[in-house]
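Tertiary structure, described
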Amino acid sequence: EGLICLDTNVLLSLYRLPKAASDELFAVLENVKERLWIPHHVGIEFQRRRVGVIQQVRQDADAAVKTAEELLTETQSKVRALQLDKSGLDLDPDKLLADLETTSQRLMKSIQTMHDSLVDISSTDPIRDRLDELFQGRVGAGPSGQAELDELVVNGRERYANKVPPGFRDAKKDKDPNQSHFQFGGLTFERKFGDLIIWRQLIAHVKELQPPGVILVTSDQKEDWWWIEHGRTFGPHPELVHEMRSEGELELFWMYTATSFANRAGHYTAASVSERTLGDIGAIEMESTR
């Protein structure tokens, strides 16, 4: 019955997942469509980072093809150097190498097929189109002007200095003055305060809507979102729970990683989520923490 809010990284993961896993995650979201909502700043970050993610995914696929080709060439060279036909063991290196090349070519063809199926940087983006349809009317309002935006990040520096979540791990994003700010809609945003803006927009929406509960889904697994002790994660950071109760006037607030959310959705909704998809989502979340 509660509101389900998604962080930017969950939306961007749809580009990183294999198509089958992406389709299953979309099915989960479509199953709870009426309860979905994203803060305006999530939409901004998604649009700003989307092209970079698409490019990186395609580069990773290109690198996989190149690596497979190099490994095949290196293996062939080393096997020939062993001169197995002269070992007296009745070995036929030519046949072995031919079998290896056949198998390797099948593998590289599969990688290339996957590469060709990836979303490319163009005006056509089926993932964005599906998200546009999914979140039609379910995106929060943006700041009306610079003054309202500045209010969203008021005391942000003090919060980060005192390690008050969310986002204090992003304080370093202002080290490069050329990357510390960006312009959108005539407003100037400080990149390091992205999480804080999202959080405060969520609190404002919750206070206005007064839902029975809120689930925030994020693939961010750092301690500026989560309560982590001795390497174990116990739930949302206690300061976030306190602030949601005091500022948002909401008692029931919880957070899930995308993996946990998809797993729970497979149990409590009509959506079907395979173990392979859960593994794919988990692998992406692990990669993003490195």
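To be clear, the structure that these remarks concern was listed above.
First things first, this report covers the structure right here in the doc. (Residues numbered from 1 in each chain as written. Predicted model: local features only at pLDDT ≥ 70, side-chain atom pairs only at ≥ 80, totals over all residues. Heavy atoms only, no water.)

1. A few points about the packing of helix 1 (residues 8-16) against helix 5 (residues 126-134)
Two elements in contact, helix 1 and helix 5, have axes whose closest approach is 10 Å; the angle formed by their N-to-C orientations is 145 degrees. The way helix 1 lies across helix 5 gives a crossing that is right-handed. Contacts between helix 1 and helix 5 involve L11, L14 and Y15 on the former and, on the latter, I127, R128 and L131. When its residues are assigned to classes, the contact of helix 1 with helix 5 shows 5 nonpolar, no polar and 1 charged. (Axes fitted to C-alpha atoms, helices over the stretch in contact; angles between N-to-C directions. Helix = DSSP H or I, 4+ residues; strand = E, 2+ residues; numbered from the N terminus. Left-handed = near helix turned anticlockwise from the far one by under 90°. Contact = heavy atoms within 4.5 Å. Nonpolar A, V, L, I, M, F, W, Y, C, P; charged D, E, K, R; others polar.)

2. Regarding the side chain of Q201
Tracing the chain through its elements places Q201 in helix 8 (residues 194-209). Take Q201: its relative accessible area is 10%, and that puts it in the buried class. (Buried < 20%, exposed > 50% of the residue type's maximum accessible area, 1.4 Å probe, protein only.)

3. Comments concerning unusual backbone geometry
Cis geometry is adopted by the peptide bond preceding P166, which originates at P165 and carries an omega value of -5 degrees. Mapped onto the elements of the fold, P166 is located in the loop between helix 7 (156-161) and strand 3 (181-184). Notably, K163 is not glycine yet its phi reads approximately 55 degrees, a positive angle. Tracing the chain through its elements places K163 in the loop between helix 7 and strand 3. The phi torsion at E249 lies on the positive side, around 55 degrees, for a residue other than glycine. Looking at where E249 falls in the secondary structure, it is placed in the loop between helix 9 (238-248) and strand 8 (253-256). You can call E249 exposed: its relative accessible area is 55%.

4. Things to note about the pattern of salt bridges
Charged atoms that come close allow side chains of opposite charge to pair. Applying the stated criterion to the full structure yields 12 salt bridges. The salt bridge involving E243 is made with R159; its shortest N-O contact spans 3.0 Å. Remark: R159 occurs in helix 7 and E243 occurs in helix 9; sequence separation between them is 84 residues. For E243, a relative accessible area of 13% puts it in the buried group. Linking K173 and D170 is a salt bridge whose minimum nitrogen-to-oxygen distance equals 3.9 Å. Exposure remark for K173: the relative accessible area of 32% places this residue in the partly exposed category. Via salt bridges that share partners, K19, D23, E30 and R130 belong to a single interconnected network. (Salt bridge = Lys/Arg side-chain N within 4 Å of Asp/Glu carboxyl O.)

5. Examining the packing of aromatic side chains
Counted according to the given criterion, the structure contains 6 aromatic pairs. Relative to F193, the ring of Y160 has its centre 5.2 Å away and its plane inclined at 55 degrees; by these criteria the two rings are tilted. A residue pair is termed long-range when its members are at least 10 positions apart, and Y160 in helix 7 and F193 in the loop between strand 4 (187-190) and helix 8 qualify at 33 residues. Neither Y160 nor F193 differs from the other in exposure class; each is buried. Considering the side-chain rings of W199 and W225, the 6.2 Å spacing of their centres and the 80 degrees angle between planes classify their relative orientation as edge-to-face. With W199 in helix 8 and W225 in the loop between strand 5 (214-217) and strand 6 (226-229), this residue pair connects regions lying 26 residues apart in the sequence. (Phe/Tyr/Trp six-rings, centres within 6.5 Å; stacked < 30°, edge-to-face > 60°.)

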